[in-house]
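Coordinate analysis (summary)
Below are the chains, spelled out letter by letter.
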Amino acid sequence: MMDTRRPTDEVARLGDEIYESDIRSEVEADHHGEVVAIDIDSRCWAIGDTVIVARDRLRAERPDAVDVWLLRVGHRALHHFGGRPLRSPG
């Protein structure tokens, strides 16, 4: 497993900021429920149907990425137990 250079809460904060400013408008309408992997240092990102697909796509572009943030488009959390998404699909 890769070591992070930043504390987890900082990676989360920066990842959320990058998502809101650079990515959300590009993915929200057509990729609801998919996973976004964001390299915090380069701001490079990849999207996939699963965590593994998104991670592998990002790793192909940024093999040295260390601080990576993952989130699910249209949801408050990557994984959930019950609850509802932020909006209804469709």
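My aim in this report is to walk through the structure given alongside it, one point at a time. Remember, predicted model here, so these are calculated numbers, not experimental data. (Residues numbered from 1 in each chain as written. Predicted model: local features only at pLDDT ≥ 70, side-chain atom pairs only at ≥ 80, totals over all residues. Heavy atoms only, no water.)

Overview of the pattern of salt bridges
How we decide: Salt bridge criterion: a side-chain nitrogen from Lys or Arg within 4 Å of a carboxyl oxygen from Asp or Glu. In this scheme, a residue with accessible area under 20% of its type's maximum is buried, one over 50% is exposed, and one in between is partly exposed, where area comes from a 1.4 Å probe on protein chains only.
Per the counting criterion, the structure on display carries 10 salt bridges. Arg-24 is paired through a salt bridge with Glu-28; the nearest N and O atoms lie 3.6 Å apart. Arg-24 sits in the partly exposed class, given a relative accessible area of 31%. Note that Arg-62 is salt-bridged to Asp-39, the shortest N-O span being 3.3 Å.

Thoughts on the environment of Gly-48
Counted only if it meets this: Helix and strand definitions here come from DSSP, where helices need a minimum of 4 consecutive H or I residues and strands a minimum of 2 consecutive E residues; each element is numbered from the N-terminal end. Note on definitions: a residue-residue contact is assigned when non-hydrogen atoms from the two residues lie within 4.5 Å.
Relative to the assigned elements, Gly-48 resides in strand 2 (residues 45-48). The class for Gly-48 is buried, based on a relative accessible area of 0%. It is 9.7 Å that separates the C-alpha atoms of Gly-48 and Arg-72, two residues lying 24 residues apart in sequence. Residues contacting Gly-48, with those up to four places away along its chain left out, are Glu-34, Val-35, Val-53, Ala-54 and Arg-57.

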